[in-house]
Amino acid sequence: MKLISAVVLALVSVAMAYPTGINNAQVVRRQDLQHDVDASVPAMSDASGNVVPFSSTSVFQAAAANGQ
């Protein structure tokens, strides 16, 4: 009986915590969509947080810059 009470209490708390709807005013676009990157190609994020295609030529290599 204690187990059933605990399970019912857990299900009720999940049902109460589940959001019933999303207010569109609260949704904030975090990425700049002008760089529409395909998910099947390598990608990385720039300093602004935008997803950009990965290019190994633009990666800073500290060891190479130090002459190692």
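Residues numbered from 1 in each chain as written. Predicted model: local features only at pLDDT ≥ 70, side-chain atom pairs only at ≥ 80, totals over all residues. Heavy atoms only, no water.

S.K.: How should the overall build of the protein chain be read in this particular structure?
M.R.: Tallying secondary structure elements over the protein chain gives two helices and two strands in all. Helices and strands appear in the protein chain in the N-to-C order α-β-β-α. Accessible area of the protein chain: about 6400 Å², with a carbon and sulfur share of 60%. (Helix = DSSP H or I, 4+ residues; strand = E, 2+ residues; numbered from the N terminus. Areas by Shrake-Rupley, 256 points an atom, 1.4 Å probe, with all protein chains shown as cover.)

S.K.: Would you take a moment to explain the confidence of the model for the protein chain for this structure?
M.R.: Interpreting fine coordinate detail is not advised for predicted regions of low pLDDT. The share of residues in the protein chain with pLDDT of 70 or more is 72%, and the mean pLDDT across the chain is 77. Within the protein chain, the element-level pLDDT minimum falls on helix α2 (residues 62-65), averaging 75, and the maximum on helix α1 (residues 2-17), averaging 90. (pLDDT = per-residue confidence, 0-100.)

S.K.: What am I meant to see in a nonpolar patch on the surface here?
M.R.: On the surface, Ile4, Val8, Val12 and Met16 cluster together into a nonpolar patch covering about 410 Å² of accessible area. Structurally, Ile4 is set in helix α1. Classification of Ile4 by relative accessible area gives exposed; the value is 53%. (Patch = residues over 30% accessible without salt bridge, like charges linked within 9 Å, V, L, I, M, F, W, Y side chains within 5 Å. Salt bridge = Lys/Arg side-chain N within 4 Å of Asp/Glu carboxyl O. Buried < 20%, exposed > 50% of the residue type's maximum accessible area, 1.4 Å probe, protein only.)

S.K.: I'm lost on the environment of Ala39 in this one. Help?
M.R.: Positionally, Ala39 belongs in the loop between α1 and β1 (43-45). Residue class for Ala39 comes out exposed when judged on its relative accessible area of 80%.

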